[in-house]
Amino acid sequence: MEWVTFLKVMIEDEKAAIQKYGLALEAADSEELKRALERLMHEEEFHVDFLEQEIRRLQAS
Ligand SMILES: [Fe+2]
């Protein structure tokens, strides 16, 4: 398994999820739902950061 390639693919999936949450946020009609979607979107942003960190760690080893 080429792990760096795998992690890069996963980053693209996370970014696609962020975009979908962004679209859902625009359509959301309640503050409670908007807060939940924003929280989920931020979690996906954290996943992108985490995956990028793992790539750097793998490339350094
Ligand atoms: Fe994620």
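Before reading further, recall that the structure is shown in the block above.
If you're wondering where the values come from, they're calculated on a predicted model, not measured in any experiment. (Residues numbered from 1 in each chain as written. Predicted model: local features only at pLDDT ≥ 70, side-chain atom pairs only at ≥ 80, totals over all residues.)

Moving on: the overall build of the protein. The secondary structure content of the protein amounts to two helices and zero strands. Its C-alpha atoms give the protein a radius of gyration of 14 Å, clearly above 10 Å, the size a compact globule of 61 residues would have. Its C-alpha atoms give the protein principal-axis dimensions of about 45 × 15 × 10 Å. Considering only residue pairs separated by 6 or more positions, the protein has 62% of its internal contacts joining residues 24 or more positions apart. (Helix = DSSP H or I, 4+ residues; strand = E, 2+ residues; numbered from the N terminus. Rg over C-alpha atoms; globule rule 2.2 N^0.38 Å. Contact = placed C-beta atoms within 7 Å.)

Following both chains from N to C, one finds helix 1 (residues 3-27) and helix 2 (residues 31-60) inclined at 165°, their axes separated by 9 Å at the closest point. Classified by the angle between their axes, helix 1 and helix 2 sit roughly antiparallel to one another. The way helix 1 lies across helix 2 gives a crossing that is left-handed. Tallied by class, residues from the contact of helix 1 with helix 2 come to 17 nonpolar, three polar and nine charged. (Axes fitted to C-alpha atoms, helices over the stretch in contact; angles between N-to-C directions. Parallel < 35°, antiparallel > 145°, perpendicular 65-115°, else oblique. Left-handed = near helix turned anticlockwise from the far one by under 90°. Nonpolar A, V, L, I, M, F, W, Y, C, P; charged D, E, K, R; others polar.)

Here the focus is the environment of glutamine 53. As for its position among the elements, glutamine 53 is in helix 2. Classification of glutamine 53 as exposed rests on a count of 11 C-beta atoms within 10 Å. Taking C-alpha positions, glutamine 53 is 32 Å from glutamate 32, a pair spaced 21 residues apart along the chain. (Buried ≥ 20, exposed ≤ 12 C-beta atoms within 10 Å, placed from the backbone.)

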